[in-house]
Amino acid sequence: MIFAKQSFWYAAAVTLICSLAGKYLALLPGFNLVGALVIALLFGMLFQVSRPIIQKSEVGMAFISNKFLRLGIILLGFRLNLKVLAESGVKTILLALVVVSGMIFLTYYLCRLFKVDEKLAIFNGEWLRDLRRGSCDGCVA
């Protein structure tokens, strides 16, 4: 199990350090223009240069970058989408639902009509799954 390995906890600590540094640096003037997420990513890139850190956390970093990064992107997209939609009102939410649903069905219909390769048509199904989760993290993977 990954949680029992020391490299997981080492990687989790490095991730926590990056995220906290990004959060608190974003409060300073000038850094708030960039945002906490970008600052945390830059700290993560700086940690990648350090060979001892990479070697100690190799297995854990793979797990964290696969699972937690995806979760973070989903939650960030979900939060931003809800905030924008809530500010726009009920009519905009309904319009967004109609447009997104219509485009999904139109894309699926066009795939069937033009006999597109089945793998590409399946990608449309993955797109639908990502939309139900609130984000298109499939584009990031």
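Residues numbered from 1 in each chain as written. Predicted model: local features only at pLDDT ≥ 70, side-chain atom pairs only at ≥ 80, totals over all residues. Heavy atoms only, no water.

Per an unreviewed UniProt entry, the protein goes by Sulfate exporter family transporter and derives from Listeria fleischmannii FSL S10-1203. Reading the Subcellular location (unreviewed entry) entry of the UniProt record for the protein gives the comment "Cell membrane". The heading Sequence similarities (unreviewed entry) in the UniProt record of the protein holds the text "Belongs to the UPF0324 family." (UniProt positions renumbered as here; feature names shortened; annotations may be inferred.)

Caption draft 1: The arrangement of the overall build of the protein in detail. Assigned secondary structure in the protein consists of 6 helices and 0 strands. Reading the secondary structure of the protein in the N-to-C direction produces α-α-α-α-α-α. By the burial criterion, 18% of the 141 residues in the protein qualify as buried. Once local pairs closer than 6 in sequence are excluded, the contacts in the protein between residues at least 24 apart make up 56%. Accessible surface for the protein amounts to roughly 10600 Å². Of this, 72% is attributable to carbon and sulfur atoms. (Helix = DSSP H or I, 4+ residues; strand = E, 2+ residues; numbered from the N terminus. Buried < 20%, exposed > 50% of the residue type's maximum accessible area, 1.4 Å probe, protein only. Contact = heavy atoms within 4.5 Å. Areas by Shrake-Rupley, 256 points an atom, 1.4 Å probe, with all protein chains shown as cover.)

Caption draft 2: Representation of the nonpolar core in the model. Judged by nonpolar contacts, Phe-8, Ala-11, Val-14, Cys-18, Ile-53, Met-61 and Ile-64 together constitute the single largest core of 7 residues. Every element with two or more residues in this core is listed here: α1 (6-25) and α4 (58-88). Ranked by residue count, the leading element in this core is α1, at 4 residues. Ignoring sequence-local partners within four residues, the contact set of Cys-18 consists of Ala-40, Phe-43, Gly-44 and Phe-47. (Core = buried A, V, L, I, M, F, W, Y, C linked by side-chain atoms within 4.5 Å.)

Caption draft 3: Main features of the UniProt feature "transmembrane region" (unreviewed entry) in the protein. Mapped onto the present numbering, the UniProt feature "transmembrane region" (unreviewed entry) falls at residues 7-25, 31-47, 68-86 and 92-111. Regarding residues 92-111, the helix share stands at 100% and the strand share at 0%, and the terminal C-alpha atoms are separated by 28 Å.

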